[in-house]
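For reference, the chains in residue letters:
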Amino acid sequence: MTRFYVYLAVIASGAAVLAIELLGTRLIAPFYGADMYLWSALISVTLAALSCGYAIGGRYADRGPRPTRLAAIIGIAGAWIAVTPWLRIPLFALGDAIDLRLGVLLIAFVLFFPPLTLLGMVSPFAIRLQASSIEKVGTTAGNLYAISTIASVVAALAVGFVLIPHVGVQRLLFLTGLLLIITSAIGFATQRQTKGIVASIFIVIASVLLLQKAAPIEAANPEAGLLAVMPSAYADVRVFEKDSVRYLLIDGGSHSSVDLTTGQSNMAYVNVLYIVKGYSKTPGRMLAIGLGGGSVVKNFARDGWTIDAVEIDPVVTTMARAYFGLDEKDGRIYEMDGRQFLMTHEELYDVIILDAYGSSFIPFHLATEEAFELALTRLNPNGVLAINIECIGWRDPLVASIAATVGTSFQYTVALPIAEPPDQFGNLVLLASNRSLELDEEPPVPMDRFSPDYDRSHAWDNRFKPDLTHAQILTDDLNPIDTWSGRINFSARNVLHTTVDVRGVAW
């Protein structure tokens, strides 16, 4: 029975390690964004914890190689993982004022270092139990590590490809902990340890009862303003309503905001993008890369434009149609990566709007010289590329770098700033074309400070050509955009959380 349990322990712990690493990123992403810092933090914490576990586990096994000790290690790790969804909320509240990089690393360490260290102890402990002689230690270690790694591969594929969209992150973490607790109980049962069996059964029963009430934030709660929660293969997607404004939150970042009394977008950049219609005398063809709540698509559709939109996440499309009034008549939606669409579709457009740079994540492959060269091939000779950029101030290095990169393919560029005052966080629309970007008719003089006309007039009157003196050209090979977007992500979330109370909903 000991031999059977050793293999079971190695399989369960190996599967749990990869499941925890993947689920950890999704657990933290709604609060800090799914950027390079998050992945770096989780990978670093995982490797550091496993290293400590290997060292401690080997020494602990030499002092008393008993299966019950192995079962106890697994059980404690399982209990920690099972309560992780409840531990995160107070930790995130404490991390509000911490620098983004430090906050992500600290929270990842507190949540996952202890259980991963315990799981790291399993392999050396199992080798000590399983090795029958010194001559077979190498074979035993190789076999057990191979089995553990295969379990990790299966868990990674199952969690990433199947389980997250259908089960949910918090429940999967809870079930991972429960799996380890059950594995621990089996270990005590194989050794006929009554106290351990009773304790494990009690924990399992308590866990099952708790599971029925688990993950209150995971489900929609209309009374709190949370209309929908739907984890996808790409992100945590939520619809939140507050003071007659409806928000689309993707990994905790606001990607659409609509005033329910007027049905119009509250995001000024949507109004500013209207300016590009002035470059076409008649409604033409528009490609939108990045859908969000569909405000840009609806805006162009109302004026008779023929629209194709590309959105990689089917859940975002579902939310746009269910909660933000996007109609199938507004345009064709392609559910695929934006750059893949540009590579595989040969249609030509009068306008391409790149609106895929979210606060929580900027897909680097859509912000490179190669990507903009590809976009140029999908534009008519007088076509215009419009890029929505979140930035900190009009002169943000990110704006200059994207402008410089776009300039390798397009002759003319102009920046339309939206943020006010000029050094604060906000949006900026960058236009690029091989035709002059001067308008035949300038935007109308606004009659109201808080109106779409004001947004357009303000942006156009303050248009400028970014200073490219020290700007870096971004390529597929060399692209530090993740490091720049981290500070923007932090600012975007602070602005959201100081203007809208999303505690208990997305932070």
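Residues numbered from 1 in each chain as written. Predicted model: local features only at pLDDT ≥ 70, side-chain atom pairs only at ≥ 80, totals over all residues. Heavy atoms only, no water.

> Hey, could you go over the packing of aromatic side chains for me, with residue numbers and the actual values?
Tallied over the entire structure, the rule returns 7 aromatic pairs. Ring plane angle 55° and centroid distance 5.8 Å describe the contact between Tyr 60 and Phe 125, whose orientation is recorded as tilted. Here the residue Tyr 60 occupies a position in helix H2 (residues 36-63), and Phe 125 occupies one in helix H5 (residues 122-130), the gap between them amounting to 65 residues. Exposure remark for Phe 125: the relative accessible area of 0% places this residue in the buried category. When the ring centre of Phe 464 is taken as origin, the NZ or CZ atom of Arg 395, which lies over that ring, is 4.1 Å away. (Phe/Tyr/Trp six-rings, centres within 6.5 Å; stacked < 30°, edge-to-face > 60°. Helix = DSSP H or I, 4+ residues; strand = E, 2+ residues; numbered from the N terminus. Buried < 20%, exposed > 50% of the residue type's maximum accessible area, 1.4 Å probe, protein only. Lys NZ or Arg CZ within 6 Å of the ring centre and 35° of its normal.)

> Break down helix H1 (residues 2-32) for me, citing the residues and quoting the values.
Compared with the 45 Å implied by 1.5 Å per residue over 31 residues, the 44 Å span of H1 between its first and last C-alpha is a close match. Of all 31 residues in H1, 23 are buried, a share of seventy percent or more. Count one or two residues on from H1 and you reach Gly 33, which has phi positive near 90°. (Expected span 1.5 Å × (residues − 1).)

> Break down H2 for me, with residues and values.
Taking 1.5 Å per residue as the helical rise, H2 with its 28 residues ought to reach 40 Å, and the 41 Å between its terminal C-alpha atoms agrees with that figure. All of the buried residues in H2 are Tyr 37, Leu 38, Ala 41, Leu 42, Val 45, Thr 46, Ala 49, Leu 50, Gly 53, Gly 57 and Ala 61.

> Lay out the packing of H1 against H2 with the relevant residues and their values.
Packed helices, taken two at a time, are described by their axes: the angle between them and the distance between them. As a packed pair, H1 and H2 sit with axes 10 Å apart at the nearest point and diverge in direction by 145°. As H1 packs across H2, the resulting crossing turns out to be right-handed. Packed against H1, whose contacting residues are Val 17, Glu 21, Leu 22, Gly 24, Thr 25, Ile 28 and Ala 29, the element H2 presents Leu 38, Trp 39, Leu 42, Ile 43, Thr 46 and Leu 50 at the interface. Class assignment of the residues belonging to the contact of H1 with H2 gives a composition of 9 nonpolar, 3 polar and 1 charged. (Axes fitted to C-alpha atoms, helices over the stretch in contact; angles between N-to-C directions. Left-handed = near helix turned anticlockwise from the far one by under 90°. Contact = heavy atoms within 4.5 Å. Nonpolar A, V, L, I, M, F, W, Y, C, P; charged D, E, K, R; others polar.)

> Explain unusual backbone geometry to me, using residue names and the numbers behind them.
Across the junction of Glu 420 and Pro 421, the peptide omega takes the value 0°, indicating a cis bond. Considering the arrangement of structural elements, one finds Pro 421 in the loop between strand E10 (412-417) and strand E11 (425-433). Positive phi, normally seen in glycine, also occurs at Ser 244, with a value near 65°. For Ser 244, the location among the structural elements is in the loop between strand E2 (236-242) and strand E3 (245-250). The phi torsion at Asp 251 lies on the positive side, around 50°, for a residue other than glycine. Tracing the sequence through the fold places Asp 251 in the loop between E3 and strand E4 (253-259). Looking at Asp 251, the relative accessible area reads 4%, which means it is buried.

> Just give me the short version of the sheet that holds strand E8 (residues 349-354), but keep the residues and values in it.
Within the open sheet, the 7 strands sit side by side as E7-E6-E5-E8-E9-E11-E10. Their pairing is mixed. Strands at the two margins of the open sheet, each flanked by one partner only, are strand E7 (332-334) and E10. For this sheet the average axis-to-axis angle between neighbouring strands, irrespective of direction, equals 20°. Here E10 runs beside E11; their pairing, made up of 6 bridges, is antiparallel. In the sheet register, Pro 417 faces E11, and the bridge partner there is Leu 428. (Pairing = 2+ DSSP bridges.)

> Requested: an account of the environment of Ala 415, with residues and values cited.
Here Ala 415 lies in strand E10. Classification of Ala 415 by relative accessible area gives buried; the value is 0%. Here the alpha-carbon distance between Ala 415 and Arg 463, two residues 48 residues apart in the chain, equals 5.5 Å. Those residues in contact with Ala 415, other than ones at most four positions away along the chain, are Leu 428, Val 429, Leu 430, Asn 462, Arg 463, Phe 464 and Pro 466.

> Please set out the sheet that holds E3 residue by residue, giving values where relevant.
As summarised here, the arrangement of the 4 strands in space is E1-E2-E3-E4, forming an open sheet in which the pairing is antiparallel. Looking at which strands have only one partner, the edges of the open sheet turn out to be strand E1 (226-231) and E4. With direction set aside, neighbouring strand axes in the sheet form an average angle of 15°. Sheet analysis places E1 next to E2, joined by 5 bridges and oriented antiparallel. Across the sheet, residue Ala 228 finds its bridge partner in E2, namely Val 239.

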